[in-house]
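Spelled out from the first residue to the last, the chains are:
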Amino acid sequence: PILDERSWNLTFRAIIYLLALFYFFLGVAIVTDVFMSSIEVITSTTRKVYLAKTKTKKNGSYNSVGGVVAGLREDEPEVVEVRVWNDTVANLTLMALGTSAPEILLSVVEIVGHNFESGALGPGTIVGSAAYNLLIITSVCMVALEVGDTRRISRFKVFIVTGLFSFFAYIWLLVILRFVTPNVVDLWEASVTFALFPILVFFAYAADRGWCGLGALRPRNKQQLELGPLQGEQSQKMLLERNFFKEGKLDKGTLVEFVREVKKFP
């Protein structure tokens, strides 16, 4: 080698290795930060939803369907911006890829360098990080609250689905690595493992959209509106009488109806 550090002092070598490790960590942090910023730009993309408006003029303005829209011309539609990406799908795909990219790259580099035999670092890092996020981070978030303070999981059904799939993933790894083909991962096992990811995304999206029957896990009288309180007793009464918010969320159709109803009470 050009430079053989094995003859150096052990303490000096340890310091050099530690500084080099910190330098590499800084590089990974910079790349990950840029990557996450790019993903946030993608997931924050919105599209415009145009609301229908009648042409009846009233008090110098034009009525929308069910209410008055002050200052709008006859040819000017009402516009509401909604997200293109579903939050659940974005978190399970793009956001998860961004946060797990260093672990995935570490495992890929290690397994390629070891002639496609797993080392002691790559797989353990991925499995350990997932277990740490599921168990330790969740526990810390709960015990960090002050006495009397409460928090709630905004998408509890999605949390249940991802939690069940996480535990199933550990059981699946145990079965294929200890019983089916000990210490060997066959092609079909890898294919099935990879196929479980889109299945997870689908079931999480279905839970988020209310397509499955997990809504019974949360009492309906404890659901909260996520758009904040409205002003005026009439608006509050309207929200109580009309079921605009299903499972605490608002889709495109109910959004249009909600805006129209709110404009009845300017």
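Because the structure is a prediction, the values reported are computed rather than measured.

Thresholds applied
Residues numbered from 1 in each chain as written. Predicted model: local features only at pLDDT ≥ 70, side-chain atom pairs only at ≥ 80, totals over all residues. Heavy atoms only, no water. UniProt positions renumbered as here; feature names shortened; annotations may be inferred. Helix = DSSP H or I, 4+ residues; strand = E, 2+ residues; numbered from the N terminus. Phe/Tyr/Trp six-rings, centres within 6.5 Å; stacked < 30°, edge-to-face > 60°. Buried < 20%, exposed > 50% of the residue type's maximum accessible area, 1.4 Å probe, protein only. Core = buried A, V, L, I, M, F, W, Y, C linked by side-chain atoms within 4.5 Å. Contact = heavy atoms within 4.5 Å.

So what exactly am I meant to see when it comes to the UniProt feature "transmembrane region" (unreviewed entry) in the protein chain here?
UniProt records the feature "transmembrane region" (unreviewed entry) at residues 12-31, 126-147, 159-181 and 187-207, using the numbering of this structure. Each end of residues 12-31 is marked by a C-alpha atom, and these two atoms are 29 Å apart; helix forms 100% of the span and strand 0%. Annotated as 82% helix and 0% strand, the span residues 126-147 places its first and last C-alpha atoms 34 Å apart.

So what exactly am I meant to see when it comes to the packing of aromatic side chains here?
The relation between two aromatic rings is expressed through the spacing of the ring centres and the mutual angle of the planes. Taken as a whole and assessed by the stated rule, the structure comprises five aromatic pairs. With centroids separated by 6.2 Å and ring planes inclined at 40°, the aromatic side chains of Phe165 and Phe203 adopt a geometry described as tilted. You can see Phe165 sitting in helix α4 (residues 156-180) and its partner Phe203 sitting in helix α5 (residues 187-209), a full 38 residues away along the chain. Since its relative accessible area comes to 43%, Phe203 is described here as partly exposed.

Before we go on, may I ask you to explain the nonpolar core in this structure?
Across soluble globular proteins, you tend to see nonpolar side chains buried next to one another. The biggest cluster of nonpolar side chains holds eight residues, and these are Val89, Leu92, Val158, Val161, Leu200, Val201, Ala204 and Ala207. If you list the elements that add at least two residues to this core, you get α2 (87-113), α4 and α5. Sorting elements by how many residues they give to this core places α5 first, with four residues. Among all residues touching Leu92, those that are not within four sequence positions of it are Thr162, Phe197, Leu200, Val201 and Ala204.

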